[in-house]
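# Commentary on secondary and tertiary structure
Spelled out from the first residue to the last, the chains are:
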Amino acid sequence: MARSKDLAKYEFKKQLEELRNVKGRATELISLYVPPSRRISDVTNYLKNEYAQSSNIKSRTTRKNVMWAIESITGRLKTFKEVPENGLVFLVGHKSGGGDMTVPVSHVIEPPEPISTFMYRCDSRFYLDQLEDMLAEKEVYGLIVIDRGEATLGTLNGKRIDVLKNIESRIMGKHRQGGQSAQRFERLIEIAAHEYYKKVGDLANEVFLGEEGLKGVLIGGPGATKDTFAEKDYLHHELKKMIVGTFDTGYTDESGLRELMENASKTLDDLSIVKEKTLMKRFFEELRKPDGGLSCYGENEVRTALERGAVDMLLISEGLSKLRIAFTCDDCGESGSLTVAVDKTLKCPKCGSEPDIDSEQDIVNEMFDVADSYGTSIEMISMDSEEGEMLMKAFGGLAAILRYRMGDT
Ligand code: ZN
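Numbers given to residues run from 1 along each chain, matching the order in which its sequence is written. The model is predicted, so local features are restricted to residues of pLDDT at least 70 and side-chain atom pairs to those at 80 or more, both for listing and for counting; the totals for chains, interfaces and linings are taken over all residues. Side-chain numbers come from the whole structure's heavy atoms, not from hydrogens or water.

### So, the pairing of strand 12 (residues 322-328)
Per-residue accessibility, obtained with a 1.4 Å probe over protein chains only, is compared with the maximum for each type, and a residue is labelled buried under 20%, exposed over 50%, and partly exposed between these values. Strands are runs of DSSP state E lasting at least 2 residues, helices are runs of H or I lasting at least 4, and numbering of each runs from the N terminus. With five of its seven residues buried, strand 12 lies for the most part within the structure. In this scheme, strands are said to pair when DSSP sees at least two bridges between them. Looking at chain direction, strand 12 and strand 13 (residues 335-341) are connected through seven bridges and run antiparallel. Each bridged residue has a counterpart across the sheet, and for Thr-328 the counterpart in strand 13 is Ser-335. Hairpin remark: strand 12 followed by strand 13, antiparallel, with six residues in the connecting loop; positive phi at Gly-333, about 85 degrees. Of the strand pairs in this sheet, strand 12 and strand 14 (residues 356-362) are connected by six bridges, and their pairing is antiparallel. Directly across from Thr-328, in strand 14, lies its bridge partner Asp-356.

Listed below in structure tokens is the structure:
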């Protein structure tokens, strides 16, 4: 379901953000990436070797911490019979906790997409590039570069281009044979061109129609051929509807695909935030109406509406970073739930002392839970657009479009 996929993506993003901020006091943070093809025993042997080498580390604390990290990973590895289908990532070590203090950290991640290369690093930070790339790789585009001599098909997956087919045309050269009239010659060329476009179209249908998550088709080439190809019905109507645009490229081979990606990147960036902008516009339209129409914003108002089942669509900023905490105060007996910024300590609203925390949850997860039980749809809004930034800065990161006006019901 789209909703839980959104939540999973959000949680993953959040986790990476936290990990990016982890700093080691020394080179004592281990990043280990295990691709699905690796055998657990191979990884264990690799770690044995690293463990032996780490005994040479001069600093006593660093040595102790690195050895602890390797032991800890080896221990966790034993709990797996085999490497899961997307591989495993271990991020383990001691992070700096201010002054001379260090705090152990240990993360075992089953990534949302397969790990491609084995990597072991011991540094004062975690290596997250492979994981971060997975966040970017969410949309697939079909790529076609074409002129009258050649066409190449490929897919764009995040920043990765896969070349799928290369076709050369059999359109005859410029020299007509003796006895042919110029007119007849032209006619034959047009027929050959049509056959060639048709062949490219058929191949594109074959490879792109089955492509899961295809978001659009980009067409490039040096001349007018790409436009002819895009406008006529060589592509299946489902694909034709998905044409994002045509772009000039100098080549029609593999390097043409790369040019196409580069020349279309601005358009693609815009495209991904168009949906978010449209959703925010709907909210602003309501907001502009007398007494706010069906708009609702701010945590308390949104929460109330949500709990009454009055929210049609919940808009949550990706910049929202708060915890929902259930507490009990030993000093005055007060208990309840509060929302606090991640880096703030909790104070009892009645007496000001620090209460016991009964449970805590990221506010976004909590909102997803509540929304789920009322069939409310949720949209995560990035801060990449002006509208998205406004949601965070002017509306506290939470807004909603209501099913009905709340009034005094
Ligand atoms: Zn209290």
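### What to know about the coordination of the zinc ion
For the zinc ion, every protein donor is listed as Cys-329 (SG), Cys-332 (SG), Cys-348 (SG) and Cys-351 (SG), and the spread of their distances is 2.3 Å. Distances up to 2.8 Å from the metal define which N, O and S atoms are donors, and 3.2 Å serves for Na, K and Ca; water is absent from the atom set, so sites may look incomplete. Square planar and octahedral assignments, for four and six donors respectively, both demand that opposite donors be over 155 degrees apart and that all other angles lie between 65 and 115; tetrahedral needs four donors with all angles between 85 and 135 degrees, and anything else is irregular. Around the zinc ion, the four donor atoms are arranged such that angles at the metal cover 104 to 116 degrees; this shape is classified as tetrahedral. When the donor residues of the zinc ion are listed from N- to C-terminus, their spacing reads C-x2-C-x15-C-x2-C. Pair noted here: Cys-329 is in the loop between strand 12 and strand 13 and Cys-351 is in the loop between strand 13 and strand 14, with a separation of 22 residues, a long-range link. Among the residues examined, Cys-351 registers a relative accessible area of 37% and is labelled partly exposed.

### Some words on the pattern of salt bridges
Salt bridge criterion: a side-chain nitrogen from Lys or Arg within 4 Å of a carboxyl oxygen from Asp or Glu. What the rule picks out here adds up to 16 salt bridges. As a salt-bridge pair, Lys-240 and Asp-233 come within 2.8 Å of each other at their nearest N and O atoms. Of the residues examined, Lys-240 reaches a relative accessible area of 30% and is grouped as partly exposed. In this structure Asp-233 comes out as exposed when scored by relative accessible area, which is 63%. With a shortest N-O distance of 3.4 Å, Glu-379 and Lys-275 are connected by a salt bridge. Separated by 104 residues along the polypeptide, Glu-379 in strand 15 (residues 377-381) and Lys-275 in helix 8 (residues 254-288) bring together distant segments of the chain. On the basis of relative accessible area, Glu-379 is assigned to the buried category, the value being 17%. The structure contains a network of salt bridges with shared partners spanning Glu-299, Arg-303, Arg-324 and Glu-366.

### Side note on the nonpolar core
Here, nonpolar core means buried Ala, Val, Leu, Ile, Met, Phe, Trp, Tyr and Cys residues that are tied together by side-chain atoms lying within 4.5 Å of each other. In terms of nonpolar packing, the biggest core is built from 26 residues, with Ile-144, Ile-146, Val-200 and Phe-229 touching the most fellow members. Residue assignment for this core shows that the elements contributing at least two residues are strand 5 (140-146), strand 6 (150-157), helix 5 (182-208), strand 8 (214-221) and helix 6 (225-231). Residue contributions to this core peak at eleven residues, all from helix 5. Here, two residues are considered to be in contact whenever any of their heavy atoms come within 4.5 Å of each other. In contact with Phe-229, not counting residues within four places along its chain, are Ile-144, Ile-146, Tyr-197, Val-200, Gly-201, Ile-219, Tyr-234 and Leu-235. Counting 23 residues, the second-largest nonpolar core is a separate cluster that includes Tyr-10, Ile-316, Leu-320 and Met-367.

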